[in-house]
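Residue-level structure breakdown
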Amino acid sequence: MTTVLLSLADWNPSRWLASLREVLPEEKVIALEPDGRFSGEADELEATEYLVAWKPRPELFARLPRLKAILSVGAGVDHLLNLPQLPQLPIARIVDPDLTARMVEYVTWQVLHHQRLGPSYQTLQRASRWRQLPQPAARELTVGIMGLGVLGIASADILIRLGFRLTGWSRRAKEVAGVVTYHGDGQLTAFLRETDILVCLLPDTPKTRGILGHRVFSELRREGPLGGPVLINAGRGKLQNEAELVAALKDGTLRAASLDVFQEEPLPASSPLWNMENVVITPHVASISDPATLPRLIARQVKRMEAGEPLQFVVDRAAGY
Ligand code: NDP
Ligand code: OXD
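Note that the coordinates shown come from a computational prediction; the quantities given were computed from them, not determined experimentally. (Residues numbered from 1 in each chain as written. Chains lettered and ligands numbered in written order. Predicted model: local features only at pLDDT ≥ 70, side-chain atom pairs only at ≥ 80, totals over all residues. Heavy atoms only, no water.)

Thoughts on the nonpolar core
Ranked by size, the top nonpolar core spans 53 residues in total, and within it Val111, Val143, Ile197 and Val199 carry the most contacts. Looking at which domains feed residues into this core, each of domain 1 (3-94 + 289-306) and domain 2 (97-281) gives three or more. Other than its neighbours up to four places away in sequence, Ile197 contacts Val111, His114, Leu141, Thr142, Val143, Gly144, Leu226, Val230 and Ile232. Judged by nonpolar contacts, the second largest core, of 28 residues, contains Trp169, Leu198, Val246 and Leu273. (Core = buried A, V, L, I, M, F, W, Y, C linked by side-chain atoms within 4.5 Å. Buried < 20%, exposed > 50% of the residue type's maximum accessible area, 1.4 Å probe, protein only. Domains from an automatic or database assignment. Contact = heavy atoms within 4.5 Å.)

A short note on the site of ligand 1
By nearness alone, 28 residues border ligand 1, and Arg93, Arg172, Lys174, Asp260 and Tyr321 come closest of all. Ala234 has a polar backbone atom sitting 3.0 Å from a nitrogen atom of ligand 1. In the environment of ligand 1, an oxygen atom lies 3.3 Å from a nitrogen or oxygen atom belonging to the side chain of Arg236. When isolated, ligand 1 has an accessible area of 940 Å², and the protein chains bury 94% of it. Among the secondary structure elements, those contributing two or more residues to the shell around ligand 1 are helix H6 (150-161) and strand S7 (165-170). When the residues that make up the shell around ligand 1 are grouped by side-chain class, the tally is 13 nonpolar, 8 polar and 7 charged. (Near = heavy atom within 4 Å. Polar contact = N/O pair within 3.5 Å; in protein donor to acceptor, adjacent residues only side chain to side chain. Areas by Shrake-Rupley, 256 points an atom, 1.4 Å probe, with all protein chains shown as cover. Helix = DSSP H or I, 4+ residues; strand = E, 2+ residues; numbered from the N terminus. Nonpolar A, V, L, I, M, F, W, Y, C, P; charged D, E, K, R; others polar.)

Considerations on the site of ligand 2
Taken together, Trp54, Gly74, Ala75, Gly76, Leu99, Arg236 and His284 form the complete shell of residues around ligand 2. Between ligand 2 and Ala75 there is a distance of 2.7 Å, counted from an oxygen atom to a backbone nitrogen or oxygen. With respect to ligand 2, the backbone of Gly76 contributes an N or O atom lying 2.8 Å from an oxygen atom. Here ligand 2, which alone exposes 210 Å², has 87% of that area covered by the protein.

Looking at the side chain of Ser155
Of note, Ser155 is situated in helix H6. Aside from chain neighbours lying at most four places away, what touches Ser155 is Met103, Val104, Val107, Ile145 and Leu201.

Here's the deal with the packing of aromatic side chains
According to the stated counting rule, one finds 4 aromatic pairs in the structure shown. Aromatic pair Trp11 and Trp16: ring centres 6.1 Å apart, planes at 15°, arrangement stacked. Judged by relative accessible area, Trp11 falls into the partly exposed class, the value being 25%. Look at Trp16 and you get buried, because its relative accessible area is 3%. Here the aromatic rings of Tyr106 and Trp109 are separated by 5.9 Å at their centres, their planes lie at 85°, and the arrangement is edge-to-face. With Tyr106 and Trp109 both in helix H4 (residues 97-115) and 3 residues apart, this pair spans about one turn of that helix. In textbook terms, an aromatic cluster arises when at least three aromatic residues are bridged by ring pairs, as seen for Trp11, Trp16 and Trp54. (Phe/Tyr/Trp six-rings, centres within 6.5 Å; stacked < 30°, edge-to-face > 60°.)

Concerning the pattern of salt bridges
As enumerated under the stated definition, the model contains 14 salt bridges in all. One salt bridge connects Asp10 with Lys55, and the closest N-O pair in it is separated by 3.1 Å. Of the two residues, Asp10 sits in the loop between strand S1 (3-8) and helix H1 (14-23) while Lys55 sits in the loop between strand S3 (48-54) and strand S4 (69-72), which places them 45 residues apart along the sequence. The partly exposed category is assigned to Lys55, whose relative accessible area is 39%. Linking Glu306 and Lys68 is a salt bridge whose minimum nitrogen-to-oxygen distance equals 2.6 Å. Note that Glu306 is positioned in helix H10 (residues 294-306) and Lys68 in the loop between S3 and S4, a separation of 238 residues in sequence. For Glu306, a relative accessible area of 36% puts it in the partly exposed group. Within this structure, Glu49, Lys68 and Glu306 form a network of salt bridges that share partners. (Salt bridge = Lys/Arg side-chain N within 4 Å of Asp/Glu carboxyl O.)

If you want it as structure tokens, here you go:
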């Protein structure tokens, strides 16, 4: 019998375990406690062939000699690739319509918040002031998406339909209907120069870490109708240099920001970002992995591999995502 092990840090595994058992009725599905303990027998753990994981502990792998593949329950895989004792096995990530739809909602919500001058109206409301501000039309703004992958392309698609002008930046050259595309380090400046609202949906890799800093902020378009560029980061917190981000938000290099991810999560109470009027903070919820929908995808992956078919959505370990 195939054994599937669930290891979820930070999340309660009970709903995941119940859903996985429902979609994998012929397999043995076992789970670690959120603190990494296993309450079953050691030989059950040793029989594990598939690890379904979010932030597993590195020492876990030494206890899984029969492991065949690692299935991330997140779209991002930095929680795996940064582990020191990661075995050389295939790793698959989540590509799922539910997770994608939730990210599209977040990106659209935040782009509209800034286009419709949400931060300014919140300030006016706090001062009980009734004042109508000049409202830029969507067509007057360029939304530049850094990371033109599954989530970036789906977000661009909706924003185009709302009338925004869309550009995108990726590692390799690509064509996306309705999007002016740029790629590679050599085209980054050209991409930034025309961007009013920068949406970051990049993965955290050795190449992208720290990219959201002074250099990028200062190259964004300053003459746009919002009176300065806006950053929306739902990629990863390690992409942003938070000291440079705070400085840019204070000195006007950035007009405003919506941040879902942070260098340190939870964001420490001491962070100046909490109290900045031009910052919208959400606690890494731009999208979520839903235990009601994702276990079906995980079950499909296990069945594919057991049938001798290749896994889908396999991570390119050299590229880091
Ligand atoms: P994809 O792998 O589909 O897309 C990644 C994109 O980033 C690709 O376009 C890729 O380029 C580009 N990229 C990678 N490295 C570079 C680089 N060095 N220079 C330029 N572009 C680069 O990922 P997804 O769209 O599915 O997810 C993106 C990220 O979103 C995840 O890795 C995760 O960090 C984050 N995320 C955040 C969530 C949240 O709740 N905040 C929820 C889910 C995901 P190319 O097209 O050439 O490969
Ligand atoms: C993910 C996330 O990577 O939720 O899926 O951050």
